[in-house]
Amino acid sequence: MTEIIESIKKIAVDINKAIKTKDTGKIESQNASGDVQVKLDVISDKIVEDYLLEVSSVKEIISEEKEEPITKESGKYFVAYDPLDGSSLIDVNLSVGSIFGIYENGYNGKNIVASAYVVYGPRLELVVARDVVEFFRFNEEKNEFDFVKEINLEKKGKVLGPGGTQKYWFDYHKKMIDGLFGEGYRLRYSGGMVPDLHQILLKGGGLFAYPATTDKPKGKLRKLFEVFPFAYVFKKAGGGAIDGVNELLGLKADYFHDTTPCFFGSEYEIKKVLQAYKGKK
Ligand code: P6P
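Residues numbered from 1 in each chain as written. Predicted model: local features only at pLDDT ≥ 70, side-chain atom pairs only at ≥ 80, totals over all residues. Heavy atoms only, no water.

A. Up close: the site of the ligand. Around the ligand sit D85, G86, Y189, G191, G192, M193, F208, Y210, K220, L221, R222 and E226, and those are all the residues in its vicinity. Between the ligand and K220 there is a distance of 3.0 Å, counted from an oxygen atom to a side-chain nitrogen or oxygen. For the shell around the ligand, the per-class residue count stands at five nonpolar, three polar and four charged. (Near = heavy atom within 4 Å. Polar contact = N/O pair within 3.5 Å; in protein donor to acceptor, adjacent residues only side chain to side chain. Nonpolar A, V, L, I, M, F, W, Y, C, P; charged D, E, K, R; others polar.)

Here it is as structure tokens:
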């Protein structure tokens, strides 16, 4: 496992450099999830693939940018990754990220054994969830990641990231979100899952919601590459991660690019979601 984390640190440095030097333009192709790709999606995917396939303990990798996994003869861990989540935000100079889920014996929620994410922002930062959640910041002088602190969520936060097109929210979802804003929660939503969730984790709590909507009844975010890895982080940081009713880490993926509604947050906010969604699914 340590080999994989050390490899992710090298991946982070190389993708960070690519973001600052390479062309951010779009390309004609779409990825396996049907998202329009930017050149940096393809460049980042290649960086991750080249590093991870060199790690002896990695048995298989699958990218959000590709239909199928790449399987090796030997190894133990299955790594599902989103090489550059929110890449369309780069050309408006907002923060983006990479997400890694590390699994054993398959890609269901119960199979995840660790996760990590990288934030490409004003600073290069890395969060690794194993038994605890560790926060690292890249030190340009030393050319390595410094450990900053362990991340633990408070019982209740102050920020709220309400995803999904509001026009298509179900009425009970809107009522729950409006209720939290009525309690004084501050809107914090950039459209980048990684920086939006990173902010909640570093601010000690709150709620990020990407719900089922009338136009996307299974939500938008991908189980293997985005949802299960962040669910693992939030659970290890003492928070909650649900689909509105069920634990996200109790879910199975019906296919590699399967999606689910998802809520990540502190105890108080997750209870609010459970109350709002009781009997609704
Ligand atoms: P919307 C980025 O495309 C992404 O996959 C996540 O990073 C982000 O949370 C979500 O989509 C934003 O979706 O519908 O708000 O643009």
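Next, the rest of the story.
B. Region of interest: the sheet that holds strand 13 (residues 206-210). The strand order 12-11-13-15-14 describes an open sheet built from five strands, whose pairing is mixed. The sheet is open, and its two edges are formed by strand 12 (186-187) and strand 14 (240-242), each paired on a single side. In this structure, strand 13 lies alongside strand 15 (residues 262-265), joined through four bridges in antiparallel fashion. Of the residues in strand 15, the one forming a bridge with A209 is F263. Here helix 3 (residues 171-182) sits on the sheet and contacts strand 11 (159-162), strand 12, strand 13 and strand 15; the angle it forms with strand 11, its principal contact strand, is near 155°. Relative to the sheet, helix 5 (residues 223-236) contacts strand 14 and strand 15, its axis offset from that of strand 15 by approximately 25°. (Pairing = 2+ DSSP bridges. Helix = DSSP H or I, 4+ residues; strand = E, 2+ residues; numbered from the N terminus. Contact = heavy atoms within 4.5 Å. Axes fitted to C-alpha atoms, helices over the stretch in contact; angles between N-to-C directions.)

C. Broad picture of the domain arrangement of the protein. Under the domain assignment, the protein is made up of domain 1 (2-150) and domain 2 (159-277). For domain 1 and domain 2, the distance between their C-alpha centroids amounts to 21 Å. In this assembly, 43 residues from domain 1 lie in contact with 27 residues from domain 2. When the two sides are added together, the surface that domain 1 and domain 2 hide from each other amounts to roughly 2,700 Å², 65% of it contributed by carbon and sulfur. For the pair domain 1 and domain 2, the number of links is one salt bridge. (Domains from an automatic or database assignment. Buried area = accessible area lost by both parts, 1.4 Å probe. Salt bridge = Lys/Arg side-chain N within 4 Å of Asp/Glu carboxyl O.)

D. Broad picture of the sheet that holds strand 10 (residues 144-150). Taken in spatial order, the eight strands of this open sheet run 4-3-5-6-7-8-9-10, and their pairing is mixed. Single-partner strands in this sheet number two, and they are strand 4 (70-71) and strand 10. Looking at chain direction, strand 3 (residues 58-63) and strand 5 (residues 77-85) are connected through five bridges and run parallel. For E60, the partnering residue across the bridge sits in strand 5 and is F78. Running over the sheet, helix 1 (residues 2-21) touches strand 3, strand 5, strand 6 (96-104), strand 7 (112-120), strand 8 (124-129), strand 9 (133-139) and strand 10 and is turned about 25° from strand 7. Taken strand by strand, helix 2 (residues 39-52) contacts strand 3, strand 4, strand 5 and strand 6, and its axis lies near 155° from that of strand 5.

E. Region of the structure containing the side chain of N139. Looking at the secondary structure, you find N139 in strand 9. Residue N139 is classed as buried on the basis of its relative accessible area, which comes to 15%. Within polar-contact distance, the side chain of N139 engages the backbone nitrogen of E141 at 2.9 Å. With residues near it in sequence (within four places) discarded, N139 still touches E144 and D146. (Buried < 20%, exposed > 50% of the residue type's maximum accessible area, 1.4 Å probe, protein only.)

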